[in-house]
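Chain by chain, the residues:
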Amino acid sequence: MREGGDGMDNGFGGTEVRSEAVRGTTILCGTGLARRFPVGEGVWALRRADLAVAEGEFVLVTGPSGCGKTTLLNLLGGLDRPTRGDVTLRGVSYSRLDESGLARLRRRELGFVFQFYNLLSDLTAEENVSLPMRLVGLRKAEIAVRVAELLEAVGMSHRKDHTPFELSGGEQQRIAVARALAVRPAIVLADEPTGNLDSKSGRDIMELFRRFNRELGQTFVVVSHDPGFAEYAHRVVRMRDGEIVSGGEPTAPPRTAAAVQGGSPA
Amino acid sequence: MVFFQMALRNVARNWNRTGMIIVSMALASAMVTFTWTLSGGYGPGTDLPWRQLVGADIVIYPNRFVFGGPAEGDVSWEWRRLCPDQPSDVTLFHPSLAEGYLSPADAPAPVFDLAGPALPLDRLQEVEGVAAVVPARLLQAYLVSEDDKGTVTRTPVLLRGRDLTADTEAFGIPACVVEGRYFRPSQQDDWVALVNGPGLKGPAPRVGERLELEVPVIRGFTADGLPVVDHGRLRPYYFLKYGVVKLSLGSVNLRNELPPGQALDVRPGGAAPTWPVFIDTPEVWVPSGTFDRIYREVAGQSLRYAPELLVRVQDMSSAKVVASRLGALLPGRAVLTVPQEVGLSGIRYQASLTNLAPFTVRVSRVYYERTSLALDVRAELNAAAFVVAGFLIAANMYILVAQRRREIGVLKAIGAGAGDILVLFLTEALGYALVGSLLGFGAVRALTLLSLFSSPASLVEGSSLTFEALGVVTGLTTVTALAFGFLPAWSAAVTPSANLIGGG
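Residues numbered from 1 in each chain as written. Chains lettered and ligands numbered in written order. Predicted model: local features only at pLDDT ≥ 70, side-chain atom pairs only at ≥ 80, totals over all residues.

Structural notes on the overall build of chain B
Here is step 1 of the chain: The helix and strand inventory of chain B stands at 15 helices and 20 strands.
Here is step 2 of the chain: Long-range contacts, defined as pairs at least 24 residues apart, comprise 80% of the intrachain contacts of chain B with a sequence gap of at least 6. (Helix = DSSP H or I, 4+ residues; strand = E, 2+ residues; numbered from the N terminus. Contact = placed C-beta atoms within 7 Å.)

As structure tokens, this is what we get:
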């Protein structure tokens, strides 16, 4: 576990932003997480991981390819069940939830951004963003306002009626970010969100994350094999061979007035 | 509701991507529709000539006939015999009935009493779709011919009185008269006759010559109305032979065939000739007015007892529906369309090799005791079509789900439950099945309509393609789609979304 003040070298050539001492409440906690896939004699994609994420924190999970980053993220997001260990989100244990319970949890508390965007190809940008809100049962008028705000925030208002096939990779990922933030989830989990983008578009996405984190206090856990993005995060979790080798405990994220009031960056 | 709307929107927007699915669904639906049509349609060889021969689209027989008989121990059925002097189309289509048949013990009289109160002729005339109901005019007779040596031959023939107006307007008989002419409507009472040439044996007068018939006198009628014919008392009648009726079976043409009973000398290795096969029942046709005059003379009264009722329909495509309506009015009677009769009788013309040198082929008419092969396997064909259609739909559904596993994963990631996924895919399946089945049904229906409109004599079973059929076809298609769509959709719905989305 690493602790410290502002401008501390994070060991990956970037600077960890830790301007304050640990202050946010831990909202996401993975304990003793392990995942074995029944391939051949069995492959341990994740051997043991303990990770806590505080509210408002921006965590970057990094490490070499195949070290278990995506597996860890899937377990944290309830997209997969651990072979051992458990995850709690705001005190709710995943192991106590059945599939429909997990689905409800994901619907209200989690947002996802994927490497390949994973927008629904039959829906327009606007419809993709509105889908999570429709799932939680928001009223149409409220959805319309919120979608407009989010598209404005990610700079995609002018492309709201376009389908994913009509958008560039960077644009699709912006829409995916807006979708992830649609229901103001407790935490947004991003799996290699820049992995399929050119470097400029990748940096734009990371900037978006940082902006939402700073202005809204949105908690982010971002997986990336690129240590260059460490400068955007409060904390860097490093993994190797299915284990967390550093950064598993939360540090203090900066809290903003907007975050406290739950305002919109738009 | 969200997923229901989303599914409907997907169906509406996905014409390109899922065009193949819809086409496949339509294909499956068309197969079902086609076999449905086939199951209700008419068999091969049941085309126009038979109806021209009988002079009707539907024949109503006085009794119900069965071959198989009732269940063991049921004593309410009895064995009956047709009166040997009772000419009827029954013996044309079901020759085995001449030997006897099973009939309900309380069955009505074996003839229709046209003057009796039991026959609701007026009500039959008023049945929707009926153009005309007329009693069959049939008598036994002998065609008398004399050869060069003065030997006289009497060939038993069926004397058939023709309704000339109907023949001209409904069946277009003139087109089938390949030698001589057909009667003109003005000849209703003239002494003119047509002969069904290929069925006659021995020398026959040529067209334009005198034709002699001998008709046995009817001494009276039994209590059941059956004629008591005296074959020792024959009344001669002389006609002008006006032409020869040659009713070809058309599509049943055989190689090396000849009119039944004749042999063809064909050398091995030579080109096998093709000859048309004719309906060979020996018949003499006379105008109905002339027939009625003969009948009055040999029976001493006007036509009162008819062996069958002949019905012409306004539209052959609805003949079966009309037949069922008539059947409802006449319980215990057999009401069959002529094509049904022909199909059920299994009449075939068969060529058999009788000699190798010279190579001789004999053509003979064969009656299968049961139905023809095509009719026998009709149920199996239907079942096979349903199974194939079912597999087609099942494959479509698997593809539909397999194509979109990632989408399912994403939906689950943003909070969709297994039930939501099911709603989404089953609604889409329903949409594709409905659209596809409507297209398939519509395509087959269009083809049948085309056939119906292109020929007034078409035997396409138009009446079977009703709203009821549409309901069955769409229902079967959609139920199959839902049934086969459920498994892959459910399988994907319960798979962890991490597996569906895949690693990044």
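Let's talk about the nonpolar core
Here is step 1 of the chain: With 122 residues, the main nonpolar core has Leu60, Val61, Ala178 and Val221 of chain A as its most contacted residues.
Here is step 2 of the chain: The greatest single-element share of this core, amounting to 11 residues, is contributed by helix H13 (residues 418-454) of chain B.
Here is step 3 of the chain: Apart from the residues within four sequence positions on either side, Ala178 of chain A is in contact with Val129, Leu150, Leu151, Ala153, Val154 and Met156 of chain A.
Here is step 4 of the chain: In this structure, Leu53, Val133, Met316 and Val322 of chain B belong to the second largest nonpolar core, which totals 70 residues. (Core = buried A, V, L, I, M, F, W, Y, C linked by C-beta atoms within 7 Å. Buried ≥ 20, exposed ≤ 12 C-beta atoms within 10 Å, placed from the backbone.)

Structural notes on the interface of chain A and chain B
Here is step 1 of the chain: Listed per partner, the contact involves 25 residues of chain A and 22 residues of chain B.
Here is step 2 of the chain: For the side of chain A that touches chain B, the elements supplying multiple residues, two or more each, are helix H1 (69-76), helix H2 (99-109) and helix H3 (125-135) of chain A.
Here is step 3 of the chain: Looking at the side of chain A that touches chain B element by element, the count peaks at 6 residues for H2 of chain A.
Here is step 4 of the chain: When the residues that make up the side of chain A that touches chain B are grouped by side-chain class, the tally is 9 nonpolar, 6 polar and 10 charged. (Nonpolar A, V, L, I, M, F, W, Y, C, P; charged D, E, K, R; others polar.)

Re helix H4 (residues 140-153) of chain A
Residues and elements named next belong to chain A.
Here is step 1 of the chain: Compared with the 20 Å implied by 1.5 Å per residue over 14 residues, the 20 Å span of H4 between its first and last C-alpha is a close match.
Here is step 2 of the chain: Turning to H4, its buried residues number three or more, namely Ile143, Arg146, Val147, Leu150, Leu151 and Ala153. Looking down the long axis of H4, one finds its buried residues gathered within 150° of arc, a one-sided arrangement.
Here is step 3 of the chain: Within two residues after H4, Gly155 carries a phi angle of roughly 70°, on the positive side. (Expected span 1.5 Å × (residues − 1). Arc of directions from axis to C-beta.)

Quick word on helix H8 (residues 319-329) of chain B
All names here are of chain B.
Here is step 1 of the chain: Every buried residue of H8 is accounted for by Ala319, Lys320, Val322, Ala323 and Leu326. Projected down its long axis, H8 carries its buried residues within an arc of 155°, all on one side. For H8, the exposed residues lying more than 90 degrees away from the buried face are Ser324 and Ala328.

With respect to the packing of helix H5 (residues 169-180) of chain A against helix H6 (residues 199-216) of chain A
To describe two helices that pack against each other, one gives the angle between their axes and the distance between the axes.
All names here are of chain A.
Here is step 1 of the chain: One way to put it is that H5 packs onto H6 with a least axis distance of 10 Å and a crossing angle of 15°. Considering their axes alone, H5 and H6 lie roughly parallel with respect to each other. Viewed along their axes, H5 and H6 form a crossing whose handedness is right-handed. Where H5 abuts H6, its residues Gly169, Gly170, Gln173, Arg174 and Val177 lie against Ser201, Asp204, Ile205 and Leu208. (Axes fitted to C-alpha atoms, helices over the stretch in contact; angles between N-to-C directions. Parallel < 35°, antiparallel > 145°, perpendicular 65-115°, else oblique. Left-handed = near helix turned anticlockwise from the far one by under 90°.)

Things to note about the environment of Gln173 of chain A
Residue and element names in this part refer to chain A.
Here is step 1 of the chain: Looking at the secondary structure, you find Gln173 in helix H5.
Here is step 2 of the chain: For Gln173 and Leu119, which are 54 residues apart along the polypeptide, the C-alpha to C-alpha distance reads 8.6 Å.
Here is step 3 of the chain: The contacts of Gln173, once residues within four sequence positions are left out, are Tyr117, Pro193, Leu197 and Ile205.

Digging into the sheet that holds strand S5 (residues 130-135) of chain B
Adjacent strands of a sheet pair through backbone hydrogen bonds, lying either parallel or antiparallel.
All names here are of chain B.
Here is step 1 of the chain: Sheet architecture is open: 4 strands sit in the order S5-S17-S1-S18, paired in antiparallel fashion. In this open sheet, the two edge strands, each paired with only one partner strand, are S5 and strand S18 (334-337). Across this sheet, the average inter-strand angle for adjacent strands is 20°, counted without regard to direction.
Here is step 2 of the chain: Relative to strand S17 (residues 309-313), strand S1 (residues 58-61) is paired through 3 bridges, and the arrangement is antiparallel. Bridge pairing in S17 places Ile58 opposite Val311.
Here is step 3 of the chain: Strands S1, S5, S17 and S18 of the sheet are contacted by H8, whose axis makes an angle of about 170° with S18. (Pairing = 2+ DSSP bridges.)

Describing unusual backbone geometry
Residues and elements named next belong to chain A.
Here is step 1 of the chain: Positive phi values are uncommon outside glycine, yet Tyr117 reaches one of about 65°.
Here is step 2 of the chain: Checked against the element boundaries, Tyr117 lands in the loop between strand S8 (110-113) and H3.
Here is step 3 of the chain: A positive phi angle is found at Asn118, which is not glycine, with a value near 55°.
Here is step 4 of the chain: Among the secondary structure elements, Asn118 is positioned in the loop between S8 and H3.
Here is step 5 of the chain: Taking the C-beta count within 10 Å as the criterion, Asn118 has 26 such neighbours and is therefore assigned buried.

Focus: the pairing of strand S10 (residues 219-223) of chain A
Residues and elements named next belong to chain A.
Here is step 1 of the chain: Where burial is concerned, most of S10 is hidden: 5 out of the 5 residues are buried.
Here is step 2 of the chain: Residues Thr219, Val221 and Val223 of S10 are buried on one face, and the alternating residues Phe220 and Val222, pointing to the opposite face, are buried as well.
Here is step 3 of the chain: In the sheet, strand S5 (residues 58-62) pairs with S10 via 4 bridges, with the strands oriented parallel. The partner of Leu60 across the bridge, within S10, is Val222.

Observations regarding the packing of H3 of chain A against H4 of chain A
Residue and element names in this part refer to chain A.
Here is step 1 of the chain: Two elements in contact, H3 and H4, have axes whose closest approach is 10 Å; the angle formed by their N-to-C orientations is 125°. Between H3 and H4, the angle is such that the two are oblique. For the element pair H3 and H4, the recorded crossing hand is right-handed. Touching Ala125, Glu126, Val129, Ser130, Met133 and Arg134 of H3 are Ile143, Arg146, Val147, Leu150 and Leu151, all from H4.
Here is step 2 of the chain: Taken together, the residues of the contact of H3 with H4 break down into 7 nonpolar, 1 polar and 3 charged.

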